[in-house]
Amino acid sequence: MRATDLIKDSKCPRTRASECSCSKVKTVTEALDTVIAQCELEHSDTVKGTILFIQAPGSPTLIKGTITGLEPGDHGFHIHEFGDMSKGCESMGGHYNPDGVEHGNEDTGHVGDLGNITANTEGVASVKKIAERIDLLGDRSIIGRGLVVHADTDDLGLGKDAESKKTGNAGDRLACGVIVLRSDKIAEQAKDWATGERIKVENLSDKLKEFIKK
């Protein structure tokens, strides 16, 4: 067996990440507990950031973080199929699209389509989203997959060219990272932020409202 075959075989068969999280995802799913994941953006000298993902059973996923070093304006923000960083952001594949649909907005497009984030005049984007179709639990868990920030605005599939239906014409991949489980103290805080009840925007607990507003 060649060395390249050994490297290929060592990757996760689901996400191609160097460290496979499948058994951990199964464990936390069966535990019916709140899950928290994190992504540290890499492969850029200027664009940096940390994004947190929190999900309680039966609830949408809360996404929050700060990204710096961006050009002011909107930037496409997507979960990609693979957590493979062997060739930087380019080896992360296309948008995570388990349903095989065209690119679009957060409600009807790829599961990995998270729309745009907006950087202010100082190049800082505050990320605050409640993602109804993003799962940390179960067979469609995004843990182990990639997160990418793009150079341009995502047109949400509304452009008149073919690329709009694939990528939203969001342009180059500025920075990326692998979404991994977190198991430190913040997981305990997450239990306060997200209860086991169904979370809806109009019925968030006080703790969750504070989480989104911060």
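These notes cover the structure that comes with them. Think of each chain on its own: its residues are numbered from 1, step by step along the sequence as written. Reporting in this predicted model follows two pLDDT cut-offs: at least 70 for local features of residues, and 80 or more for side-chain atom pairs to be given and counted; totals over whole chains, interfaces and linings ignore these cut-offs and use all residues. Note that the side-chain values use all heavy atoms of the structure and ignore hydrogens as well as water.

With respect to the overall build of the chain
So the rule is basically this: Elements are defined by DSSP. Helices are runs of H or I of four residues or more, strands are runs of E of two residues or more, and each kind is numbered from the N terminus. When accessible area is computed with a 1.4 Å probe and restricted to protein chains, residues below 20% of their type maximum are described as buried, those above 50% as exposed, and intermediate ones as partly exposed. With residues, only the protein chains shown are counted as cover, and all accessible areas are computed by Shrake-Rupley using a 1.4 Å probe.
Along its length, the chain carries 4 helices and 10 strands. Burial statistics for the chain: of 214 residues in total, 45% are counted as buried. Of the roughly 11,000 Å² that the chain leaves accessible, carbon and sulfur atoms contribute 49%.

Looking at the pairing of strand β4 (residues 73-80)
For clarity, the threshold we go by: For two strands to be treated as a pair, DSSP must find no fewer than two bridges joining them.
Counting buried positions over the 8 residues of β4 gives 6, a clear majority of the element. Where β4 and strand β6 (residues 113-119) come together, 5 bridges link them in antiparallel fashion. Directly across from Gly 76, in β6, lies its bridge partner Asn 116. Both β4 and strand β8 (residues 146-150) contribute to a ladder of 4 bridges, which runs antiparallel. Note that in β8 the partner of Ile 79 across the bridge is Leu 147.

Things to note about the state of the cysteines
The criterion, for reference: For this text, the term disulfide refers to a pair of cysteine sulfurs within 2.5 Å.
All told, the structure shown has 1 disulfide when counted by the stated rule. The disulfide partner of Cys 89 is Cys 176, and the gap between their sulfur atoms is 2.2 Å. On the sign convention where negative means left-handed, the S-S torsion of about -90° between Cys 89 and Cys 176 marks this disulfide as left-handed. With a gap of 87 residues between them, Cys 89 in strand β5 (residues 86-89) and Cys 176 in strand β9 (residues 173-178) connect regions that are remote in the sequence. Note on accessibility: Cys 89 and Cys 176 belong to one class, buried.

Some points on the pattern of salt bridges
Filter applied, for reference: Within this document, salt bridges are pairs made up of a side-chain nitrogen of Lys or Arg and a carboxyl oxygen of Asp or Glu, the two lying within 4 Å of each other.
Applying the stated criterion to the full structure yields 2 salt bridges. Note that Asp 99 and Arg 140 form a salt bridge whose closest N and O atoms lie 3.0 Å from each other. Pair noted here: Asp 99 is in the loop between β5 and β6 and Arg 140 is in the loop between β7 (125-131) and β8, with a separation of 41 residues, a long-range link. When its relative accessible area of 43% is taken as the criterion, Asp 99 is described as partly exposed. Residue Lys 129 is joined to Glu 106 by a salt bridge in which the shortest nitrogen-to-oxygen separation is 3.1 Å. With Lys 129 in strand β7 and Glu 106 in the loop between β5 and β6, this residue pair connects regions lying 23 residues apart in the sequence.

Here's the deal with the layout of surface pockets
Spelled out, the test is: Of the grid points, spaced at 1 Å and generated over the protein atoms alone, those admitting a 1.4 Å probe that cannot get out make up cavities, while open sets with protein on both sides within 12 Å along at least five of seven lines make up pockets; any residue with an atom within 4 Å of a point is treated as lining. Grid points are joined across faces, edges and corners, and a volume is the space filled by probe spheres set on the points. All amino acids are sorted into three groups, where Ala, Val, Leu, Ile, Met, Phe, Trp, Tyr, Cys and Pro are nonpolar, Asp, Glu, Lys and Arg are charged, and the leftover types, Gly among them, are polar.
For the largest pocket, the calculated volume is near 220 Å³. Lining the largest pocket are 16 residues; nearest its centre among them are Ala 17, Ser 18, Glu 19, Val 178 and Val 180. A per-class count over the lining of the largest pocket returns 6 nonpolar, 5 polar and 5 charged.

Quick look at the nonpolar core
For clarity, the cut-off: Residues belong to a common nonpolar core when they are buried Ala, Val, Leu, Ile, Met, Phe, Trp, Tyr or Cys residues joined through side-chain atoms within 4.5 Å.
Phe 53, Ile 67, Phe 77, Ile 79 and Leu 147 are the most contacted members of the largest nonpolar core, which totals 29 residues. Breaking this core down by element, the ones donating at least two residues are β1 (35-40), β2 (48-55), β3 (61-68), β4, β6, β7 and β8. With 6 residues, the next largest nonpolar core counts Ala 17, Met 92, Val 148 and Cys 176 among its residues.

Some points on the side chain of Gln 38
Selection rule: Here, two residues are considered to be in contact whenever any of their heavy atoms come within 4.5 Å of each other.
Tracing the sequence through the fold places Gln 38 in strand β1. If near-sequence neighbours (up to four positions away) are discounted, Gln 38 is found in contact with Thr 50, Ile 51, Leu 52, Val 178, Ile 179, Val 180 and Arg 182.

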